[in-house]
Amino acid sequence: METAIKNYENGECRETVLLPLTDIYETDAGYHMIYEVPGITRENLDITVNGRELEIKGNLNELVPEGKSLLYGEYTPASFYRKFKTDEGVDTDKIEAKLENGLLTLILNKKEEAIPKKIEIH
Amino acid sequence: MVTYNLINRGFDIFDYVDDLFNRSTVDFIHAEYPYVQVYEGNNEIEIRAALPGISRENLKIEVKDELLTIEGEKQSDYTGNTYLRKERTFGKFKKSITLPYEVDAGKVNAELKDGLLTIKMPKSEHAMPKKIEIK
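The structure reproduced in this document is the subject of the present report.

Thresholds, definitions, all that
- Residues take numbers from 1 onward in each chain, read along the sequence in its written order.
- Each chain takes a letter, starting from A, and each ligand takes a number, starting from 1, following the order in which they are written.
- It should be noted that, the model being predicted, local features are given only for residues of pLDDT at least 70 and side-chain atom pairs only at 80 or more, the latter also being counted only at that level, while totals for whole chains, interfaces and linings use all residues.
- Segments assigned H or I by DSSP are reported as helices when at least four residues long, segments assigned E as strands when at least two residues long, and all are numbered from the N terminus.
- Whether two residues are in contact depends on their C-beta atoms, placed from the backbone: they are in contact if these lie within 7 Å.
- Residues with at least 20 neighbouring C-beta atoms inside 10 Å of their own are called buried, those with 12 or fewer are called exposed, and the rest are partly exposed, where every C-beta is derived from the backbone.
- Two strands qualify as a pair provided that DSSP identifies no fewer than 2 bridges between them.
- Angles here are taken between N-to-C directions and fall from 0 to 180 degrees, while the axes themselves are lines fitted to C-alpha atoms, restricted in helices to the stretch in contact.

### Observations regarding the overall build of chain A
In terms of helices and strands, chain A carries 0 helices and 10 strands. In sequence order, the secondary structure elements of chain A are arranged as β-β-β-β-β-β-β-β-β-β. Here the analysis covers contacts within chain A between residues at least 6 apart in sequence; of these, 50% occur between residues at least 24 apart.

This is the structure in structure tokens:
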């Protein structure tokens, strides 16, 4: 986890966010993205696609347990946020998402015309 | 695939300098993996550890006197495909945390949910303060 300051376009509002560590790999059919989002549940995760911009926001509602106080902390219980620009060949209507064990997997399928075709040699 | 970053956003020197100063205090965590939060109250210690992608079978928790040890292995999920970005790390880890007091090892409760490990450890009987009667 890494911390960054989310900067709004108008520069008025600033919020500390956590950058989830991400692995991205490409297959013939699409792109696979694996995000590390410990503590995030399905209910407090938002995935939005706006044109070619893919935005992930997860609210880490880590509340201080009742009657307890923080003695020592190594991470900031802030929200997860990350934004990527997708490739032109991605079909944004066909994005699959899976959340398991604190790992978010997104499968971005390529458009029919972006899938490489093998040419047979006669 | 392009990351939305400083360059994409257009270079604004003021924003850049602001970010530099804002980041400096929070960006560098000199801590062993995994990152933890330690809470205390009601004669109980509660530790949370961020362990995304780690299964129960690959995790071992041990309590001895005032020392808690979290040990495990994060198994690689690399595929043979071409990677555009590799930020996650894998491997074996071991982290020990000295607790502020002795805990009752028999009553330790650990739960792994959504990649977050929560360990609750009640204070041991003989670490409890004793009231002394004045005669």
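### Considering the overall build of chain B
A tally of regular secondary structure across chain B gives 2 helices and 9 strands. Split into buried and exposed, the 135 residues of chain B put 19% on the buried side.

### Looking at the sheet that holds strand E4 (residues 30-36) of chain A
Overall, antiparallel pairing links the 5 strands, which are arranged E9(A)-E10(A)-E4(A)-E3(A)-E6(B) in an open sheet. The outermost strands of the open sheet, each flanked by one partner alone, are strand E9 (90-100) of chain A together with strand E6 (82-86) of chain B. Taken over all neighbouring pairs, the strand axes of this sheet differ in orientation by 15° on average, direction set aside. The pairing of E9 of chain A with strand E10 (residues 103-110) of chain A spans 7 bridges and is classified as antiparallel. Its bridge partner lying in E10 of chain A, Ile95 of chain A is registered against Leu108 of chain A.

### Points about the pairing of strand E5 (residues 67-74) of chain B
Covered by surrounding structure in E5 of chain B are Leu68, Ile70, Gly72 and Lys74 of chain B only, the residues Leu67, Thr69, Glu71 and Glu73 of chain B on the alternate face being uncovered. Adjacent in sequence and paired antiparallel, strand E4 (residues 59-64) of chain B and E5 of chain B are bridged by 2 residues, among which Asp65 of chain B carries a positive phi angle near 50°.

### Re the sheet that holds E4 of chain B
Residues and elements named next belong to chain B. Reading across the sheet, the 3 strands line up as E4-E5-E7 and stay open at both edges, with antiparallel pairing between neighbours. Each edge of the open sheet is held by one strand with a lone partner, namely E4 and strand E7 (91-98). Along the sheet, successive strands turn relative to each other by an average axial angle of 10°, direction set aside. Relative to E5, E4 runs antiparallel, the two sharing 6 bridges. Across the sheet, Lys64 pairs through a bridge with Leu67, a residue of E5.

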